[in-house]
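Descriptive structure summary
Chain by chain, the residues run as shown.
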Amino acid sequence: MQGVLGAFHHLDTTVHAIEELKKARLGDVTVYSPTIRHEIDEAIDAPNSVVRRFTLIGGLLGVSFGYWISIWTGDYWPLVTGGKAIASWIPYTIIGFEVMVLVGCLSTVAGMFINARIPRLTTTVGYDPRFSGGHFGIFVSCGADKAPQVEALLQKHGADEVRREA
Amino acid sequence: MGTIAQPVEGLRRPNIASADVQIPAVTDYEQVDREIIATLGFTKKWLLGLGVAVAAMLVGASAWIYQIYWGLGQAGYEPPVMWGVYIITFVFWVGIGHAGTLISAILYLFRAGFRTSIYRAAEAMTVFAVMTAGLFPIIHIGRPWKFFWLIPNPNWRLLWPNFKSPLVWDVFAISTYLTISTTFLYIGLIPDFAVLRDRETNPMRKRIYGILSLGWRNSDREWRHFAKAYLFLAAFSTPLVLSVHSVVSFDFAMSLVPGWHASIFPPYFVAGAIFSGFAMVWTIAIPMRKWFKLEHYITLNHLDATAKVVLFTSLVVGCAYMIEFFIAWYSGVRPEQEFFWYRVFGQWWWAAWIMLLCNMALPMSLWSQKLRRNPTWLWFLSIFINIGMWYERFVIVVPSLSHEFEPWQWGSYTPSWVDMSFLVGSFGWFFMWFLLFVKQMPVMAIMELKEIVVPKRKHAHDGGHH
């Protein structure tokens, strides 16, 4: 992946650079930050995460499986316990709830992995170890023709370092 | 993801709201990295502590081998008391785990600022406490190799566990809790593993942290999905933590045994679990902040805020104790009335009074702000609370079984050396894992600490917007 990488030490200059890059439409922008910053989220204005759909589907599958396994096994060996019905919904709700939480959480994690594209084998292109420390980073994916414009823009906003990545 | 609330100014006393607890002595991101990573170096004290923990764990392991060879009769069970130290210790450790999830999930949803510095240690404590608790039902069944019978698995006779049994609910609740707590801990650790990967100089450790970080790059895409996933994990963990100890309480409350058959048990158990779990957080965090020189991360304001939670849960637990006595009297059921008299004046009176002293009386000292901000007192109080909460479970399990409806069934119970070895071993097992954890992984969430540190700005008062 070709592009230009800029490293910033200040949050406000990073945000200004993002806003201007979005206006200029010079290429796809990836922003790195040592932690979550709502200022960056607002500047990027990305769509809402779809992880919630994984959570919903996983939770529904889990609760269905929890009730199904309880009812099916109860029906398979129909022994009356404590005078309760074979398919007693109150005790089976506990199983349904626990399996809903289990499958819902695991599918949430799966959703996060799929959408965040992890695990990944390499972090090298468009990444700098400083971005997990005290620096913010902006990587603009663009060809050699637009690279000078991107470099100029990042430098104008006070990037500590600007370099081309290939 | 921590609170971004600013410190309250103009207060003459440092009695600040829990949501506003800050770490003013930490000024930049690099300082967070430097100081938290510095806790990972091995020290002689740590090795000594690990040695003691492993030795204690081996005491328990030896007792287990002995019990497997000679049979469950080596435990102190004698009819009618067929639940003893193993079940008491099981409930104790499940309870310890609850504070971790409360701090990491529930206080996260409530945006309580004081959680940021302590939640990672508390979360790890949860995982290791549940790992410890999970051993005891397996030990208790006597033939641990038959444990898988409790898990629904396709077998040639198509036999299935009874899903109407609270013991099977327990299997589901505890295994779900362990899985989700471990997942929650690991997901929160991924960005911190990336920090360690990027700072590590030892190639072997760098590679291991690289694998554990899953190639995390701190990109906006990763953070966006991470934040949403973390929120949902917290949202799931919140009812889960309430359900787990409720389900554990059903092990008792579903029976007709005097002292057990009470509808107050689920909230009473949950409050007790949070109470004991916070005490264990103090037992761990107070020495940790001193030995790792983290007093400016876990400040007196943090301890003050946790002390308020302990005071509140102590009041809830105390109220539950009193309600149990009231309901026994008000019910007019003779065996219940007789039993509750027996609980405080009978054979086990001393255990009940230890419980009342440690869980109801001593925590009342926390009405004093001076004591809430005194780490030495809080640490000693945490030990008393841990003792009191172990005895609370003793008082629930043993006197009830030894004093049921028929006088000819009444009996006694004396824990054997095998029982006590398991108790010692459980502490060894728990602290062994915790000590290994604190030297391999960041004991505080670097990523969340950075979130409450004010980031560097080139132009003052510029929030980053035009």
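See above for the structure.
Let us look at the structure shown here. Please read these numbers as outputs of a predicted model, since none were measured by experiment. (Residues numbered from 1 in each chain as written. Chains lettered and ligands numbered in written order. Predicted model: local features only at pLDDT ≥ 70, side-chain atom pairs only at ≥ 80, totals over all residues. Heavy atoms only, no water.)

1. Description of the packing of aromatic side chains
Residues and elements named next belong to chain B.
- Throughout the structure, instances matching the rule amount to 60 aromatic pairs over all chains.
- Note on Y69 and W70: the rings are 5.2 Å apart at their centroids and 80 degrees apart in plane angle, and the pair reads as edge-to-face. For the pair formed by Y69 and W70, the shared burial category is exposed.
- Judged by centre distance (5.8 Å) and plane angle (80 degrees), the rings of W169 and F250 are edge-to-face. Taken together, the positions of W169 in helix α5 (residues 166-199) and F250 in helix α7 (residues 220-253) put the pair 81 residues apart, joining distant regions of the chain. The pair W169 / F250 is uniform in exposure class, with both members buried.
- An aromatic cluster of at least three residues, connected via ring pairs, comprises F92, W93, F128, F427, W429, F430, F431, W433, F434 and F437.
- A cation over a ring is seen here: R111 above Y108, with NZ or CZ 4.9 Å from the ring centre.
- Here R115 stacks its cationic end above the ring of Y119, 4.3 Å away from the centre of that ring. (Phe/Tyr/Trp six-rings, centres within 6.5 Å; stacked < 30°, edge-to-face > 60°. Buried < 20%, exposed > 50% of the residue type's maximum accessible area, 1.4 Å probe, protein only. Helix = DSSP H or I, 4+ residues; strand = E, 2+ residues; numbered from the N terminus. Lys NZ or Arg CZ within 6 Å of the ring centre and 35° of its normal.)

2. Here's the deal with the environment of L294(B)
Residue and element names in this part refer to chain B.
- Following the sequence through the fold, L294 ends up in the loop between α8 (265-291) and α9 (300-331).
- We classify L294 as buried; its relative accessible area is 0%.
- On a C-alpha basis, the gap between L294 and M444 in space is 9.8 Å, while along the polypeptide they are 150 residues apart.
- When near neighbours in sequence (up to four residues on either side) are disregarded, L294 contacts E35, I36, T39, R289, V443 and M444. (Contact = heavy atoms within 4.5 Å.)

3. Side note on helix α10 (residues 334-345) of chain B
All names here are of chain B.
- Under the 1.5 Å per step criterion, the end-to-end length of α10 is 16 Å for 12 residues, consistent within 8% with the ideal 16 Å.
- Where α10 is concerned, the buried positions are E336, F339, F340, Y342, R343 and V344.
- At its buried positions, α10 is contacted by α9, α11 (349-361) and α13 (375-402). (Expected span 1.5 Å × (residues − 1).)

4. Let's talk about the pattern of salt bridges
- Considering all chains together, one arrives at 21 salt bridges over all chains under this definition.
- Note that D128(A) is salt-bridged to R130(A), the shortest N-O span being 3.2 Å.
- For R130(A), a relative accessible area of 26% puts it in the partly exposed group.
- A salt bridge links R120(B) to D192(B), with the nearest nitrogen and oxygen atoms 2.9 Å apart. Linking R120(B) in helix α4 (residues 115-140) with D192(B) in helix α5, this pair joins segments that are 72 residues apart in sequence.
- Looking at R120(B), the relative accessible area reads 0%, which means it is buried.
- Note on D192(B): relative accessible area 0%, which makes it buried.
- Linked through salt bridges whose partners overlap, the residues forming this network are D128(A), R130(A), E161(A), R163(A) and E165(A). (Salt bridge = Lys/Arg side-chain N within 4 Å of Asp/Glu carboxyl O.)

5. Topic: the interface of chain B and chain A
- Taken together, the contact pairs 64 residues of chain B with 76 residues of chain A.
- Interface area for chain B against chain A, summed over the two sides, is near 6,200 Å², with a carbon-plus-sulfur share of 66%.
- On the chain B side of the contact with chain A, K164(B), R217(B) and F236(B) bury the most area, a combined 14% of that side's loss.
- The tally of links between chain B and chain A comes to two salt bridges.
- The shortest N-O distance in the salt bridge between R120(A) and E222(B) comes to 3.7 Å.
- For the pair chain B and chain A, the interface holds 26 residue pairs in polar contact (both at pLDDT 80 or more).
- Contributing elements (two or more residues each) for the side of chain B that touches chain A: α1 (29-37), α5, α7 and α15 (446-452) of chain B.
- Top contributing element to the side of chain B that touches chain A by residue count: α7(B), with 18 residues.
- Classifying every residue of the side of chain B that touches chain A gives 31 nonpolar, 14 polar and 19 charged. (Buried area = accessible area lost by both parts, 1.4 Å probe. Polar contact = N/O pair within 3.5 Å; in protein donor to acceptor, adjacent residues only side chain to side chain. Nonpolar A, V, L, I, M, F, W, Y, C, P; charged D, E, K, R; others polar.)

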